[in-house]
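# Coordinate inspection notes
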Amino acid sequence: MEEKTKRTVVIPGEVLAKGEDYLPGEGTEKIGKEIIAIKYGLSEEANKLVKVIPLSGVYQPRKGNIIIGKVENITFYGWAIDIDSAEGAFLPLQEIPGYVDKDGLREIFDIGEMVVAKILDVNGRGIDLTTKSRGLGRIDEGLIVKVNSSKVPRIIGKEGSMISLIKEGSGCEVTVGQNGLIWIKGDKVEDELLAKGAINFITEKSFSSGLTGEVEEWFKKEKGGNK
Amino acid sequence: MAKDFKRPDGRGVEDIRPMKAEVGVVPNADGSAMFSFGNTIAIAAVYGPKKMHPQHQQDPKKGTLRCNYNMISFSVTDRIRPGPSRRSTEISKITEWALEPVLMIKNYQNMVIDVHINIIQADASTRCAGINAAALALAHAGIPMRDIVSSVSIGKLDKQLVVDVDKDEEDWEEGEGATDIPITMTSSERLTHIQLDGKISNDELKQVLELAKKATKKVYEVQKKALKESLEVKE
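Criteria and thresholds
- Residues numbered from 1 in each chain as written.
- Chains lettered and ligands numbered in written order.
- Predicted model: local features only at pLDDT ≥ 70, side-chain atom pairs only at ≥ 80, totals over all residues.
- Helix = DSSP H or I, 4+ residues; strand = E, 2+ residues; numbered from the N terminus.
- Rg over C-alpha atoms; globule rule 2.2 N^0.38 Å.
- Buried ≥ 20, exposed ≤ 12 C-beta atoms within 10 Å, placed from the backbone.
- Contact = placed C-beta atoms within 7 Å.
- Nonpolar A, V, L, I, M, F, W, Y, C, P; charged D, E, K, R; others polar.
- Expected span 1.5 Å × (residues − 1).
- Pairing = 2+ DSSP bridges.
- Axes fitted to C-alpha atoms, helices over the stretch in contact; angles between N-to-C directions.
- Parallel < 35°, antiparallel > 145°, perpendicular 65-115°, else oblique.
- Left-handed = near helix turned anticlockwise from the far one by under 90°.
- Core = buried A, V, L, I, M, F, W, Y, C linked by C-beta atoms within 7 Å.

Summing up its helical and strand segments, chain B has 4 helices and 9 strands in all. Counting from the amino terminus, chain B carries its helices and strands in the arrangement β-β-β-β-α-β-α-β-β-α-β-β-α. Against the globule reference of 18 Å for 235 residues, chain B gives a C-alpha radius of gyration of 18 Å, in line with a compact fold. Expressed along its principal axes, the backbone C-alpha trace of chain B runs to roughly 55 × 40 × 35 Å. Per-residue burial for chain B yields a buried fraction of 49% across its 235 residues. Sequence separation of 24 or more characterises 70% of the internal contacts of chain B that already satisfy a separation of 6 or more.

Given below as structure tokens:
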């Protein structure tokens, strides 16, 4: 299932491809006839599309992303939420499912609580969130792990292969926020810690190919050691 | 050019002091790097992009680069008074101007990228080492950039042009004395910064630029190696 793609480390300004045959993808730009990397990361080429996968950097919010944030403040119209990006986000009252008592905002989300939300819109004034969808809302129990947001695609894997492997291996519910916060909820603390270990393993090894196989091995080893 | 010219430390006229570069030296920063020319060592740390504070400095049209150059009090033989000075404020601004042309931060409206450059050991050419470290740290922080800049200082000792000035050469007093010309270039030989402290003729300045082109290439190779190797280790 794993596609063999050649990945090389590139630095900003490096020429990735020349001529009209190639298309510039994410993290690249066409200057004249050359496609150059504008970010430090791994270059990848598929179907004549050249792109650079960044390895570091602050989370860039995008419309439609599922994120995990922390309630920072309560106003008359909703909640200010810290989503670990350059800009703070806002969850307005209208974006809560069901009826909301204007005096009871604190009962829905209190300051310091964690929330799973979806980015409704990113505009010049700020970021708007919503919780009007299945699987969104307050986090009551479980564990939250923070990783760099550029590692999120590796944790999810191709078509969710890696994330389902973690879920199966640890028996936990895992929700990955695009901003790099991951919510793990299991029946036992041991299970949650196992899932956390797997995530840390992936972030450390995120540059090697064939990682799904390695993670499977890792789970076997960890479980064998415990019993 | 006189081949028998003797530099105080025995280097050839076009030799740069041994260079070292490393990225990821400050774990808490979003990106960081160390760069050294012999005994001159600079550490740069990048924080952001983050919301600009104070708010009145926010630019709704584009992102802002904010550099802070600082010489640590023990970096020179006589202790220097810590804190901002006229000199460090000027060099901070110069560093911003040297780096800005390669950054692509138009989409980071109302945001700022903070670059903190600390000189932990000084032996002349500190601003060049600072710019080199800052360029590496910005790349390491995942900031979009058109190119990487490399900086080197060209000196004129009496009538002789030399590459990468050190402290003994900066204090040259024979003949016409010392002239220091820090130059920053991109890898495609485009100039982003040039300063001149002293007197120089037109022809000599042309030679200086040729020397700088060659020298910044060498610096660029060291920077490139540092960025590429920091990943190989992890694999």
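Taken together, the 16 residues of chain A in the interface contact 24 residues of chain B. Broken down by class, the residue content of the side of chain A that touches chain B amounts to 10 nonpolar, 4 polar and 2 charged.

Residue and element names in this part refer to chain B. Taking 1.5 Å of rise per residue, 15 residues should cover 21 Å, and helix H2 (residues 126-140) covers 21 Å from first to last C-alpha, within 8% of that figure. Counting buried residues in H2 gives 15 out of 15 residues, a clear majority hidden from the surface. One or two steps after H2, the chain reaches Gly142, where phi turns positive at roughly 75 degrees.

Another aspect to go through is the sheet that holds strand E2 (residues 31-37) of chain B. All names here are of chain B. A sheet is described by the order of its strands in space; here 5 strands give the open sequence E1-E2-E3-E5-E4, paired in mixed fashion. Two strands lie at the open edges of the sheet, namely strand E1 (19-23) and strand E4 (64-71), each paired on one side alone. With strand direction ignored, the average angle separating the axes of adjacent strands in the sheet is 15 degrees. Taken together, the 7 bridges between E2 and strand E3 (residues 40-51) define a ladder with antiparallel strand orientation. Of the residues in E3, the one forming a bridge with Met34 is Ile43. The sheet strands contacting helix H1 (residues 86-99) are E4 and strand E5 (111-121), and the helix crosses E4 at an angle near 140 degrees. The strands touched by H2 are E1, E2, E3, E4 and E5; relative to E2, the strand with the most contacts, the crossing angle is about 150 degrees.

Backbone-to-backbone hydrogen bonds join strands into a sheet, with any given pair of strands oriented parallel or antiparallel. All names here are of chain A. A sheet is described by the order of its strands in space; here 3 strands give the open sequence E2-E5-E4, paired in antiparallel fashion. Strand pairing shows two members of the sheet lacking a second neighbour, strand E2 (15-18) and strand E4 (28-31), which therefore form its edges. The sheet shows a mean angle of 25 degrees between the axes of neighbouring strands, direction not considered. Across 4 bridges, the pairing between E4 and strand E5 (residues 34-37) is antiparallel. Each bridged residue has a counterpart across the sheet, and for Glu29 the counterpart in E5 is Ile36.

The next thing to look at is the packing of helix H3 (residues 161-170) of chain A against helix H4 (residues 189-204) of chain A. Residue and element names in this part refer to chain A. At a minimum axis separation of 9 Å, H3 and H4 run at an interaxial angle of 150 degrees. What the angle tells us is that H3 and H4 run roughly antiparallel. In this structure, H3 meets H4 at a crossing whose hand is right-handed. Every residue of H4 that contacts H3 at Met162, Ile166, Gly169 and Ser170 is listed here: Asp191, Leu194, Ala195, Ala198 and Ile202. Across the contact of H3 with H4, the residue classes tally to 6 nonpolar, 2 polar and 1 charged.

With that settled, the discussion passes to the nonpolar core. Among the nonpolar cores identified, the biggest contains 87 residues, and Ala44, Ala133, Ala134, Leu136, Ala137 and Leu138 of chain B are the most heavily contacted of them. If you tally residues by element for this core, the top one is H2 of chain B, at 10 residues. If sequence neighbours within four positions are ignored, Ala134 of chain B has contacts with Ala44, Cys67, Thr95, Leu99, Val115 and Ile117 of chain B. In this structure, Leu91, Leu129, Ile166 and Ile199 of chain A belong to the second largest nonpolar core, which totals 35 residues.

Note that all results are geometric; they support no functional claim without further evidence.
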